[in-house]
Amino acid sequence: MAEHIVKFDIAPNPVSMPTGTLVSEAAEKAGIEINQPCGGQGRCGRCAVVVTEGDANIRRRSTLRLSAEDVEAGYALACQSVIEGDAEITVPPQEKIQRRLTTDRTVGKVAIPAGYDPQRGQTIRRVTVTLSPPSMDDQTDDWSRLQTALRKQAGITQLQASLECMRKIGSVLREGDWKVTATLNAKTWDCPDCPARLLALQPGHLSEDAPLWGAAIDIGTTTVSVWMVDLLTGEVKAQVAEYNQQISRGEDVISRIIVADKEGGSEKMRDLVVDTINDLLVQACKRLKATPDEVVKATIAGNSTMMHLLLGIPAASIRLSPFVTAVNHIPTLDATDVGLAIHPQAIVDCLPGVASYVGADISAGVLSSGMADSEDVVLFLDVGTNGETVLGSKDWLVTCACSAGPAFEGAGVLHGMRATKGAIEEVWVNGETHEPNFRVIGGSKPEGLCGSGLISLLAEMFLTGVVDKGGKVNTKLATSRTRDGEHGGEYVVAWAAESSTGEDIVITNVDIDNLLRAKAAIYAGFAVLAENVGVTLDMAEQVLVGGSFGQYINVEKAIEIGLLPDLPWERFQFLGNTSVQGSYLALIDYEARNRIAEIAARMTYIELSADNKFYDAFISAMFLPHTDMSLFPSVAKVIKEK
């Protein structure tokens, strides 16, 4: 097969690639990271590059998301274009991800559960012992000597240790002059005869006040969060979060499964998320003047796909009928097995999930939200790309998931973006002039629209007549804000002179259709779930919204577009990241950990793809706010008043 020379403008050296190689593969070989939020399926258009020389030597399999003018100018999608000759390629600046707020402000101070007793609830203990040194009269081996000391001085009757730990015992005992501190883990300390596992042995007697570090981790599809916890007190000492590096290979779980199923893809996806977690652990430890190898326990929550990709377990079966996971309840692992840069023998506990699309993040969220203890019917929503829903009380729990897609994260929207500096986060439209006012994150010129801004904008456009019930832009209005564009009707939110990009920021009919599909999937999911168990949505005394994105949703606007049920506003509670909260509870209290397993086991999962009622409910919800306005009386009242 012929080889061709490919030069990238931002790479120091050209690369040689065979005929038929994707441009994205050539870029990776050249050491260039090109974002592919759709997982290389050609749907998002964010991997566009410019072929400056040898344009005839690049074959474009797909020009979706590229206009005729773009193609004429040499643009090509890196994931959909193959090399057939020598070429020179320019890579436009990649999207830079910045957090909306500093991580210290995204989560407030975490309250230790009332009545929490670390001596009772924590599986990790640290004890100090003094050993009698060996002599010619006492030639007991080091391991037996340590066991005897722990039995007599700490009541540890059975002791286990890894080979790596055994290799270090002799040197540590002598370095500490036969005074050592042992870090131990047991399933429960209520059982005197249950074996304890030696995790770490340190020379000398550590102070009783010295922290004992653990990490509560949530692997979100979009964001990874880490809470550093002092296991001796249960207190959260540091909170850090960052975007999941897997985003560059896909913004939704299906895209990432497709990438992972390719040759070398599983290892790549695993490396990306492990690197994200390890970077966060370093950040958190720096704040605490600690080192990651002092962390001796970690609990991890995340959806089923994230768990599989973290551990390198094939995830292809999750997206293929009959949609089953390889494993829902993962056994306890060592840090070295997972690749976490903490103490090599640290306990890593991946929390249990329910099904392919209802994972440990939901099991943990149900616990931390308190709905599993509620006397009343509660609706729990995790508004994100997967759109998980749980309905029930302390007596029963049913759950489902729907693929809402990443539209509310800005993907699939022409000028959509994540909630970073420059994103429009809220919009108001004048009902007479149809002129918009908006608020921008960071107070700078706008660059695009984030999820909360899209919800706000869509609600305002509907209530002021800019779009009809079907989401179509009315281009006949007496305003230059509505017009016919390349993708059909569109509304100009910000003119080029107002934006930071020098281009008009618009929302198109195609964008609105994507948003309607996302909100319709979420609404249809919980509507069908309620119907299947004979419950009406107005019976829900509380609607608990989890997930980081949920913190920024305007309830009024979300109801007006039909994303949330039309219930009194006081019934809604926004709980933030319930997944990491549940991970934290499992980290500090083995009873909470057992409850998560019990919750996961008793949740009844309903597969919506096998339910014809879901399709009907989805179609009905594809309008603003819904085809059945009796379900949204407050919105009908507003429309009538206007």
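Residues numbered from 1 in each chain as written. Predicted model: local features only at pLDDT ≥ 70, side-chain atom pairs only at ≥ 80, totals over all residues. Heavy atoms only, no water.

Just checking my understanding: could you explain empty space enclosed by the protein for this structure?
To find leftover empty space, one rolls a probe the size of a water molecule over the atoms. Within this structure, the stated rule accounts for three cavities of 30 Å³ or more. Space inside the largest cavity adds up to approximately 60 Å³. Around the largest cavity sit G302, S304, M307, H308, V327, N328, I330, L351, P352, G353, G359 and A360, which together line it. A per-element tally of the lining of the largest cavity places helix α9 (residues 304-311) first, with three residues. Residues of the lining of the largest cavity, tallied by class, amount to six nonpolar, six polar and no charged. Space inside the second largest cavity adds up to approximately 50 Å³. Of the residues in the lining of the second largest cavity, the class split is four nonpolar, three polar and one charged. (1 Å grid on protein atoms, 1.4 Å probe; cavity = no way out; pocket = protein on both sides within 12 Å on 5 of 7 lines; lining within 4 Å. Points joined across faces, edges and corners; volume = space filled by probe spheres on them. Helix = DSSP H or I, 4+ residues; strand = E, 2+ residues; numbered from the N terminus. Nonpolar A, V, L, I, M, F, W, Y, C, P; charged D, E, K, R; others polar.)

Can you walk me through the sheet that holds strand β19 (residues 388-392) in this structure?
Each strand in a sheet pairs with another by means of backbone hydrogen bonds, the pair being arranged parallel or else antiparallel. If you trace the six strands from one edge of the open sheet to the other, you get β28-β27-β18-β19-β20-β29, paired in mixed fashion. Looking at strand neighbours, the two that pair on one side only are β28 (572-576) and β29 (604-605), the edges of this open sheet. Pairing of strand β20 (residues 397-401) with β29, which is carried by two bridges, proceeds in the parallel orientation. In the strand pairing of β29, T399 is matched with Y605. Seen against the sheet, helix α14 (residues 509-532) touches β18 (378-382), β19 and β20 and runs at an angle of roughly 30° to β19. (Pairing = 2+ DSSP bridges. Contact = heavy atoms within 4.5 Å. Axes fitted to C-alpha atoms, helices over the stretch in contact; angles between N-to-C directions.)

I keep staring at the pattern of salt bridges and nothing clicks. Help me out?
Two side chains carrying opposite charge are able to pair once their charged atoms lie near each other. Overall, the coordinates contain 23 salt bridges when judged by the stated rule. A salt bridge links D138 to R145; the nearest nitrogen and oxygen atoms lie 3.1 Å apart. The class of D138 is partly exposed, set by a relative accessible area of 26%. Members of the salt-bridge network, linked through shared partners, are D373, R595, E598 and R602. (Salt bridge = Lys/Arg side-chain N within 4 Å of Asp/Glu carboxyl O. Buried < 20%, exposed > 50% of the residue type's maximum accessible area, 1.4 Å probe, protein only.)

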